[in-house]
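# Coordinates in review
One letter stands for each residue in the lines below.
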Amino acid sequence: MSVLVFTLIILIGSYFAGLLGSLTGLGGGVVIIPLLTIILNVDIHYAIGASLVSVIATSSGSAAAYVKEGITNMRLGMFLEIATTTGAMVGAILAIYIPTHYIAILFGLILISSAIISLQKKVEHITVQKSYLAQKLKLNSSYPTPAGVVEYSVGKVGGGFFMMLFAGVISGLLGIGSGALKVIAMDSIMRIPFKVSTTTSNFMIGVTASASAVVYLQRGYISPGLSMPVVIGVMLGALTGSKILVNTPSSKWLRWVFAIVVTFLAGQMIYNGVTGKI
């Protein structure tokens, strides 16, 4: 296979990865890594490195828009980034020493979890119970809606912090944004509105990935020739996905498509990991 054909395949595959990731809110890394490792036989460490770079690029672009709209809780995000970046550094270091077939199996299991999470019905939470720690850290905030500004409080700060630590480890270990785990921490544990949890998660993902990318860069696992088409493809796909999502009344069928694709990829990753092909 020539370099041009190889690059075009990555570019097209990354475009669809960014498209699916944008439509479901779980990022393109869950598709990029199986694409590179299973179809193109790229070493999983280099695939993770390229995925991390794409996560940084896409998160930086979309996060700025959400911050401008006043939806993102920046104070909460910066507080929780202490946990995610610490976890990401630990995960990235572990990934260097853990055998690749174990990483592939774990990645497959996380993919199946992401597929299940993407199909769950999202419930809007407005916490009214005051948390002492949230008040001391000034984490409670508000966000604009068509009906006016909605005030909300942040609960179970400690539980959310430790969940973010785990999310960071998974992000560094597998090279994905682990947005699903971050949303679980903020939506289900800390009980903040779903719109705020998703936008704040998006704000945090880029910082978490940056912490992991430093380790991969030092180890020489970030290849510019591999990362460039991945970043371009994912960003174009994410842009297309955001436009489709605005004009689509229901995204339920999109989530089913995502779940089917991801479950298939997960099966392939687990199979190749068990048989030692990765």
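What this report covers is the structure whose coordinates are included nearby. Note that the structure is predicted; figures quoted are calculated from it, not measured.

## With respect to the overall build of the chain
- When its secondary structure is counted, the chain shows 11 helices and 2 strands.
- Going from N to C terminus, the chain has its helices and strands arranged as α-α-α-α-α-α-β-β-α-α-α-α-α.
- Long-range contacts, defined as pairs at least 24 residues apart, comprise 80% of the intrachain contacts of the chain with a sequence gap of at least 6.
- As displayed, the chain offers around 12,800 Å² of accessible surface, 69% of which is attributable to carbon and sulfur atoms.

## Quick look at the side chain of T200
- Along the chain, T200 turns up in helix α9 (residues 194-218).
- The residues contacting T200, other than those within four sequence positions of it, are T72, N73, G77 and M186.

## As for the packing of helix α4 (residues 74-97) against α9
- Look at α4 against α9: their axes get within 8 Å of each other, and the N-to-C directions meet at 30 degrees. Taken together, the axes of α4 and α9 are roughly parallel relative to one another. Along this stretch, α4 crosses α9, giving a crossing that reads as right-handed.

## A closer look at the packing of helix α7 (residues 157-174) against α9
- At a minimum axis separation of 9 Å, α7 and α9 run at an interaxial angle of 50 degrees. Considering the angle they form, α7 stands oblique to α9. For the pair α7 and α9, the crossing hand works out as right-handed. On α9, the residues that touch M164, G168, S171, G172 and L173 of α7 are M204, T208, S212 and Y216.
- Residue composition of the contact of α7 with α9, grouped by class: 4 nonpolar, 5 polar and no charged.

## Quick notes on unusual backbone geometry
- Positive phi, normally seen in glycine, also occurs at K138, with a value near 55 degrees.
- Here K138 is to be found in the loop between α6 (132-136) and β1 (141-145).
- Positive phi values are uncommon outside glycine, yet R191 reaches one of about 60 degrees.
- Locating R191 in the fold gives a position in the loop between α8 (179-189) and α9.

## Considerations on the environment of Y46
- With respect to the secondary-structure elements, Y46 resides in helix α3 (residues 44-69).
- When its relative accessible area of 32% is taken as the criterion, Y46 is described as partly exposed.
- Placed 129 residues apart in sequence, Y46 and G175 show a C-alpha to C-alpha distance of 9.9 Å.
- If we skip the residues at most four places from it in the chain, Y46 touches G220, Y221, S223 and L226.

## Notes on the nonpolar core
- Counting 68 residues, the largest nonpolar core has L36 and V154 as its most contacted members.
- With 8 residues, α9 is the largest single contributor of residues to this core.

## Details of the packing of aromatic side chains
- Applying the stated criterion across every chain yields a total of 6 aromatic pairs.
- When the ring of Y15 is compared with that of F16, the centres are 5.5 Å apart and the planes differ by 85 degrees; the resulting orientation is edge-to-face.
- Taken together through their ring pairs, the aromatic side chains of Y46, Y216 and Y221 make up a single cluster.

## With respect to the side chain of N73
- Here N73 is to be found in the loop between α3 and α4.
- Classification of N73 by relative accessible area gives buried; the value is 3%.
- There is a polar contact of 3.0 Å between the side chain of N73 and the backbone nitrogen of L76.
- Residues contacting N73, with those up to four places away along its chain left out, are L139, S141, Y152, V196 and T200.

## Section: α7
- Taking 1.5 Å as the rise per residue, α7 with 18 residues should run 26 Å; its terminal C-alpha atoms sit 26 Å apart, in good agreement.
- For α7, the complete set of buried residues consists of V157, G160, M163, M164, A167, G168, I170, S171, G172, L173 and L174.

## Considerations on the pairing of β1
- Note: β1 against strand β2 (residues 148-152), 5 bridges, orientation antiparallel. Residue pairing for β2: S141 is matched across the bridge by Y152.
- Turn length for the β1-β2 hairpin, with the two strands adjacent in sequence and antiparallel, is 2 residues.

Rules behind the numbers
- Residues numbered from 1 in each chain as written.
- Predicted model: local features only at pLDDT ≥ 70, side-chain atom pairs only at ≥ 80, totals over all residues.
- Heavy atoms only, no water.
- Helix = DSSP H or I, 4+ residues; strand = E, 2+ residues; numbered from the N terminus.
- Contact = heavy atoms within 4.5 Å.
- Areas by Shrake-Rupley, 256 points an atom, 1.4 Å probe, with all protein chains shown as cover.
- Axes fitted to C-alpha atoms, helices over the stretch in contact; angles between N-to-C directions.
- Parallel < 35°, antiparallel > 145°, perpendicular 65-115°, else oblique.
- Left-handed = near helix turned anticlockwise from the far one by under 90°.
- Nonpolar A, V, L, I, M, F, W, Y, C, P; charged D, E, K, R; others polar.
- Buried < 20%, exposed > 50% of the residue type's maximum accessible area, 1.4 Å probe, protein only.
- Core = buried A, V, L, I, M, F, W, Y, C linked by side-chain atoms within 4.5 Å.
- Phe/Tyr/Trp six-rings, centres within 6.5 Å; stacked < 30°, edge-to-face > 60°.
- Polar contact = N/O pair within 3.5 Å; in protein donor to acceptor, adjacent residues only side chain to side chain.
- Expected span 1.5 Å × (residues − 1).
- Pairing = 2+ DSSP bridges.

Read these as spatial facts, not as claims about activity.
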